[in-house]
Amino acid sequence: MASQHQDTGSTGTYLIRGVSILGGAAEDLLIRDGLIAGRGQNLPAEGATVIEAAGLVALPGMVDIHTHLREPGREDAETVETGTRAAALGGYTAVHAMANSTPVADTAGVVEQVLSLGRAAGWVDVRPVGAVTVGLAGEQLAELGAMADSRARVRVFSDDGVCVSDPVLMRRALEYVKAFDGVVAQHAQEPRLTAGAQMNEGVVSAVLGLTGWPAVAEESIIARDVLLAQHVGSRLHVCHVSTAGSVEIVRWAKSRGINVTAEVTPHHLWLTDELVRSYDPVYKVNPPLRTDQDVQALRSALADGTIDVVGTDHAPHPSEHKECEWAQAAMGMTGLETALSVVQHTMIDTGLMDWDGFARVTSTTPAAIGRLADQGRPLESGEPANVILVDPAARWTVDPSKMATMGRNSPFAGRELPGKVMATFFKGHPTVLDGKLNTPYRWLPETADSAGNTATAAAGRP
């Protein structure tokens with residue numbers, strides 16, 4: 001990919017020449033002042049920075065429905081700055097930041113702090129996820145309405161990391177968020193069935209002598225919650241589906257018209273519990289790596305729409321929390337910088353999905369679930385210019401030490417992966433060019449309306 005600036009035109013004008021839009025025929029794509037200004041053949045380049053994009057694929061910026069940015073309070077693992085740099089490099093223009101920070105994002109004040117940190121960084125749109133219960137303790141509903149009405153306009157609520165196991169609380173949460181078109185994203189794990197669990201329950205756990213994590217612990221919560229969602233008439237989202245049985249329950253719920261969506265992580269689309277034989281804690285994750293049968297069921301479900309989206313569950317940890325004995329190691333894997341490549345490897349290169357389908361599961365649908373009006377939009381004139389350029393023919397070897405994330409706990413370390421993000425345009429500004437970080441987008445200061453509500457003015461560029 002090569003770029004060439006012509007004369008003294010607006011720094012906000014870019015002509016992407018000869019790019020394959022969603023894997024189709026080569027076209028030109030014109031970006032001006034934060035919007036897609038044109039699409040077609042031989043568009044005029046006057047005043048534009050020209051990007052030669054032959055062989056590249058243009059896609060809507062990716063939206064992660066499930067990211068752990070750790071800040072505030074756990075800056076030894078990740079910060080909003082480092083996490084969103086990783087997101088931009090991975091092709092994301094928006095991420096949903098999970099609530100298990102310190103303090104927990106269970107009040108309007110904390111979610112507004114996360115929003116402000118994201119805007120100060122400027123690499124992607126950071127949308128805070130609010131906790132369902134106070135302190136993730138599962139005892140009392142958090143300030144759901146206050147977070148929804150806050151400057152962060154929270155629409156996704158989750159205690160991810162722990163399950164809302166109390167059915168009465170889960171019902172009340174579903175009822176509450178319905179009032180403002182919110183969604184509860186459930187971490188499906190029956191705690192009494194997973195006490196002391198270390199890995200997937202099966203042949204490998206029996207051989208290794210590790211306490212097993214049965215599939216039914218996930219499946220029973222999903223079955224309960226889809227029925228609760230049906231009863232209440234509210235939206236339910238199931239985080240990181242990992243078993244073939246869970247797929248069948250979600251498929252059944254959708255056949256009944258229940259308003260449920262589901263996600264799968266990149267690592268559950270590829271890796272299996274056989275890797276745990278190494279006792280390498282990089283493979284310790286919640287939910288655990290399952291069997292090859294589960295992996296194949298997840299791939300098929302993502303292809304046919306039973307599973308709606310790919311969510312990274314990006315979970316960085318300090319090295320001392322991973323480079324230790326298996327039993328003591330933290331659960332979680334990084335994913336923002338490898339997700340596109342892993343999905344290409346497991347879904348596109350296998351023929352299960354094309355680039356249009358990729359955009360559906362990584363951008364359009366997660367934006368719709370999170371109610372992000374300016375993300376996941378078609379690459380057409382007049383639409384917000386959240387766009388990425390991908391080289392599907394590129395090959396690269398994962399080296400965690402060279403990643404933008406502070407987490408070094410990538411399960412794909414040392415593997416050669418296909419596909420590389422060459423450019424990321426966030427609101428028309430290139431945060432990534434030639435596969436490297438460029439400059440962040442700069443938001444203008446917020447303004448207050450006559451009622452005292454704050455809003456962000458039209459954003460500026462560096």
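In this text, all values refer to a predicted model and were calculated from it rather than measured experimentally.

Undergrad: Looking at this structure, how should I read a negative patch on the surface?
TA: Where like charges cluster on the molecular surface, the negative patch consists of Glu75, Asp76, Glu320 and Glu323. Mapping glutamate 323 onto the fold places it in the loop between strand E16 (309–310) and helix H9 (339–348). The exposed category is assigned to glutamate 323, whose relative accessible area is 66%.

Undergrad: What am I meant to see in helix H1 (residues 80–89) here?
TA: At 3.6 residues per turn, the α-helix brings residues three or four places apart onto the same side. Summarising burial for H1: seven of the 10 residues are buried, a large majority. The set of residues buried in H1 consists of Val80, Thr82, Gly83, Thr84, Ala86, Ala87 and Ala88. Remark: glycine 91 follows H1 within two positions and exhibits a positive phi of approximately 100°.

Undergrad: Got a minute to help me understand the sheet that holds strand E11 (residues 183–186) in this structure?
TA: The five strands lie next to each other as E10-E11-E14-E15-E16, forming an open sheet whose pairing is parallel. Every other strand in the sheet has two partners, leaving strand E10 (156–157) and E16 as the edge strands with one partner each. Note: strand E15 (residues 260–264) against E16, two bridges, orientation parallel. Within E16, the position partnered with glutamate 263 by the bridge is valine 309.

Undergrad: Looking at this structure, I do not really get the pairing of E11. What am I missing?
TA: Every other side chain in a regular strand lies on the same face of the sheet, so the side chains alternate between the two faces. Neither face of E11 is exposed, since Val183 and Ala185 on one face and Val184 and Gln186 on the opposite face are all buried. The sheet contact formed by E10 and E11 spans two bridges and is parallel. When the bridges of E11 are listed, valine 156 appears paired with valine 183. For the crossover that starts at E10, traverses helix H4 (residues 167–178) and ends in the parallel E11, the hand is right-handed. Where E11 meets strand E14 (residues 235–238), four bridges bridge the pair, whose relative direction is parallel. Each bridged residue has a counterpart across the sheet, and for glutamine 186 the counterpart in E14 is valine 238.

Cut-off values and rules
- Residues numbered from 1 in each chain as written.
- Predicted model: local features only at pLDDT ≥ 70, side-chain atom pairs only at ≥ 80, totals over all residues.
- Heavy atoms only, no water.
- Patch = residues over 30% accessible without salt bridge, like charges linked within 9 Å, V, L, I, M, F, W, Y side chains within 5 Å.
- Areas by Shrake-Rupley, 256 points an atom, 1.4 Å probe, with all protein chains shown as cover.
- Salt bridge = Lys/Arg side-chain N within 4 Å of Asp/Glu carboxyl O.
- Lys, Arg positive; Asp, Glu negative; His and termini not counted.
- Charge placed at Lys NZ, Arg CZ, Asp CG, Glu CD.
- Helix = DSSP H or I, 4+ residues; strand = E, 2+ residues; numbered from the N terminus.
- Buried < 20%, exposed > 50% of the residue type's maximum accessible area, 1.4 Å probe, protein only.
- Pairing = 2+ DSSP bridges.
- Right-handed = clockwise from strand over helix to strand, strands pointing away.

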